[in-house]
Amino acid sequence: MSDHISGTLFISGALLSGRAVDVTVSGGRIAAVSEHGAAPAPQHAETVDAAGKILFPSFIDCHVHLREPGFEYKEDIASGLAAAAHGGFGAVLPMANTSPVNDQGSVTELMLERARKAWPHGPRVHPVGAATKGLKGEELAPMGELTAAGCVAFSNDGLPVGGAEMFRRCMEYAADFGKIVIDHCEDPSLARGTHMNEGVTSGRMGVKGQSVVAESVQVARDILLAEYLGIPVHLAHISCRQSVELIAWAKQRGVRVTAETCPHYLLLDDLALEQYSTAAKVNPPLRTPDDVAAMRRAVADGTIDILVTDHAPHAVHEKDTPLDEAPNGISGLDTAVALTWRLVQEGLLTEADMVRLWCHAPGSLFRLPVNRFTAGDPADFFLFDPAHEWTVTPEAMHSKGKNTPFTGWKLTGKVTSHWMGGHRIA
């Protein structure tokens, strides 16, 4: 992280939407964007040669676990934001399953203060408050207090709200404060004691699997409640064909439903666990090749609104256990942009899709500021080298959590520098 900022910053020759541009930053905001070479750099400006690099607005990750307070041995806010800064993320939304749970304003304020102290210029933390006290699904959390403290949404992620009546109350109460509920779609009874997707692979391995119905039945519940109440709902880390078919049906009916998925559901299937690999154990689980194909179509056609990492770091010793004892989760902030770029290289997505899925749509959904490279926008952006080849290793990751099934993958494309408000943070 660097605290240095000059009066004016000049980014020279970066690729923005396929054209070479120069960007002038003044006072922490975009002052001008012009064709490369159309005008000289302002006098005394700090100039950065960005030839051959793609200019992206800082991305937003709407689903992360920063583990602080309570589980700092897995990750803390400072290390999580280091991974975000070097991974291209200028804003993150951490879930409430900390210890103590983020179900009171003092916990929210603690998280925000730790973020400001560790990374004063960003990345920014926008906490997601608990929907129910203690994530127990029994009593509503004080959403007014949490909103006043800085929470931007509410969720019981990690311990989904099983009761339909309680979830309805969560949606209604959050709407009173202009906030949206993010639901981890999982029927607790159908998912209990499972460790991977239920199917041919789990049967061959002798591992208890979770059916796609455990996810989709709750997707259907949330859609029906959203339609009945006329209140929006956001569905977390969608993983299977049945769910995206329900979401597409709901959108055709005009239901106010939005949904997210993660890069690992677009690039891996349940065969990644064939050797009982705990690095690939995640919840919801990696599904079948048919589900992966359906998820890829849903991201490309807009049925899925945004991408997230569901960054879930764990200590090495926690994953170095038998599959049925290992915790769920993949550490994702360090690899997400390069993995998404892989989807661009495959022809599934475009650069514009990346910006929509990781920046514009998340900003719109959660009412967060974004940089569209127009005069006056916040100077939040990063440079991305599309030709930089690197291998995913523990040493290459800034997060404390090294738990990723992508270890050993050779990726092309890497964030080389990142600014927020004109301050270089990576």
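Note that the structure is predicted; figures quoted are calculated from it, not measured. (Residues numbered from 1 in each chain as written. Predicted model: local features only at pLDDT ≥ 70, side-chain atom pairs only at ≥ 80, totals over all residues. Heavy atoms only, no water.)

Caption draft 1: Broad picture of the pattern of salt bridges. Under the defined criterion, the tally for this structure stands at 19 salt bridges. As a salt-bridge pair, R116 and E113 come within 3.4 Å of each other at their nearest N and O atoms. Residue R116 and its partner E113 are both found in helix α2 (residues 105-118); the two are separated by three residues, about one turn of the helix. A residue is classified by how much of its surface remains accessible, and E113, at 43% relative accessible area, is partly exposed. A salt bridge links E346 to R342; the nearest nitrogen and oxygen atoms lie 3.8 Å apart. Residue class for R342 comes out partly exposed when judged on its relative accessible area of 27%. One connected set of salt bridges, linked through shared partners, spans D183, R221 and D222. (Salt bridge = Lys/Arg side-chain N within 4 Å of Asp/Glu carboxyl O. Helix = DSSP H or I, 4+ residues; strand = E, 2+ residues; numbered from the N terminus. Buried < 20%, exposed > 50% of the residue type's maximum accessible area, 1.4 Å probe, protein only.)

Caption draft 2: Summary view of the confidence of the model for the chain. In this model, the chain carries an average pLDDT of 97, and 99% of its residues clear a pLDDT of 70 or more. Predicted confidence is poor over residues 1-6, with pLDDT under 50, and the contacts of this stretch with residues over four places away or in other chains come to 18 contacts. (pLDDT = per-residue confidence, 0-100. Contact = heavy atoms within 4.5 Å.)

Caption draft 3: A look at the packing of aromatic side chains. This structure, assessed with the given rule, holds twelve aromatic pairs. Between F373 and F381, the aromatic rings sit 6.2 Å apart at their centres with planes inclined by 40°, giving tilted as the arrangement. Of the two residues examined, F373 and F381, each falls in the buried class. Ring geometry for F406 against W409: centres 4.7 Å apart, planes inclined by 90°, an arrangement best described as edge-to-face. Against the face of W390 rests K414, its NZ or CZ located 3.8 Å from the ring centre. (Phe/Tyr/Trp six-rings, centres within 6.5 Å; stacked < 30°, edge-to-face > 60°. Lys NZ or Arg CZ within 6 Å of the ring centre and 35° of its normal.)

Caption draft 4: Unusual backbone geometry, seen in detail. With omega at 10°, the peptide bond leading from G122 into P123 counts as cis. In this fold, P123 is placed in the loop between α2 and β8 (124-125). The linkage connecting N283 with the following residue, P284, adopts the cis geometry, with an omega of 0°. Here P284 is to be found in the loop between α9 (264-267) and α10 (289-301). Located in the positive-phi region is H237, a residue other than glycine, with phi close to 25°. By the secondary structure assignment, H237 is in the loop between β14 (233-235) and α8 (241-252). Judged by its relative accessible area of 2%, H237 falls in the buried class.

Caption draft 5: Just empty space enclosed by the protein, in detail. Inspection of every chain in the model, using the stated rule, returns one cavity of 30 Å³ or more. Each residue belonging to the lining of the largest cavity can be placed in one class, and the counts come to six nonpolar, six polar and no charged. (1 Å grid on protein atoms, 1.4 Å probe; cavity = no way out; pocket = protein on both sides within 12 Å on 5 of 7 lines; lining within 4 Å. Points joined across faces, edges and corners; volume = space filled by probe spheres on them. Nonpolar A, V, L, I, M, F, W, Y, C, P; charged D, E, K, R; others polar.)

Caption draft 6: Representation of the packing of helix α4 (residues 164-176) against helix α7 (residues 212-229) in the model. The geometry of α4 relative to α7 is characterised by a closest axis approach of 11 Å and an angle of 50° between their N-to-C directions. Relative to α7, α4 is oriented oblique. Remark: the crossing between α4 and α7 carries right-handed chirality. Where α4 approaches α7, its residues A164, F167, R168, M171 and E172 are matched on the opposing element by R221, D222, L225, A226, Y228 and L229. A per-class count over the contact of α4 with α7 returns seven nonpolar, no polar and four charged. (Axes fitted to C-alpha atoms, helices over the stretch in contact; angles between N-to-C directions. Parallel < 35°, antiparallel > 145°, perpendicular 65-115°, else oblique. Left-handed = near helix turned anticlockwise from the far one by under 90°.)

Caption draft 7: Representation of the sheet that holds strand β7 (residues 89-94). Pairing in this open sheet of three strands is parallel, and the strands run β6-β7-β8 from one edge to the other. Each edge of the open sheet is held by one strand with a lone partner, namely β6 (59-64) and β8. Helix α13 (residues 351-366) contacts β6 and β7 of the sheet and is inclined by roughly 70° relative to β6. (Pairing = 2+ DSSP bridges.)

Caption draft 8: Expanded view of the layout of surface pockets. Counted as a void, the largest pocket has a volume near 610 Å³. Lining the largest pocket are 30 residues, and of these G158, H184, E186, N283 and N328 sit closest to its centre. Approximately 260 Å³ is the volume attributed to the second largest pocket. Lining the second largest pocket are V152, A175, G178, K179, I180, P232, R256, S364, L365, F366, R367 and L368. For the lining of the second largest pocket, the leading source of residues is α13, giving three residues.

Caption draft 9: Structural view of α8. Taking 1.5 Å of rise per residue, twelve residues should cover 16 Å, and α8 covers 17 Å from first to last C-alpha, within 8% of that figure. If you check which residues of α8 are buried, you get S243, V244, I247 and A250. Along the axis of α8, the buried residues cluster in a sector spanning 120°; they form a single face. Next to the buried residues of α8 lie α7, β14, β15 (257-261) and α10. Backbone geometry just downstream of α8 places G254 in the positive-phi region, at approximately 85°. (Expected span 1.5 Å × (residues − 1). Arc of directions from axis to C-beta.)

Caption draft 10: Region of interest: the pairing of strand β17 (residues 381-391). By the bridge criterion, four bridges tie strand β5 (residues 54-57) to β17 in an arrangement that is antiparallel. Within the sheet, the bridge partner assigned to I54 lies in β17 and is F384. In the sheet, β17 pairs with strand β18 (residues 410-420) via eight bridges, with the strands oriented antiparallel. Bridge pairing in β18 places W390 opposite L411.

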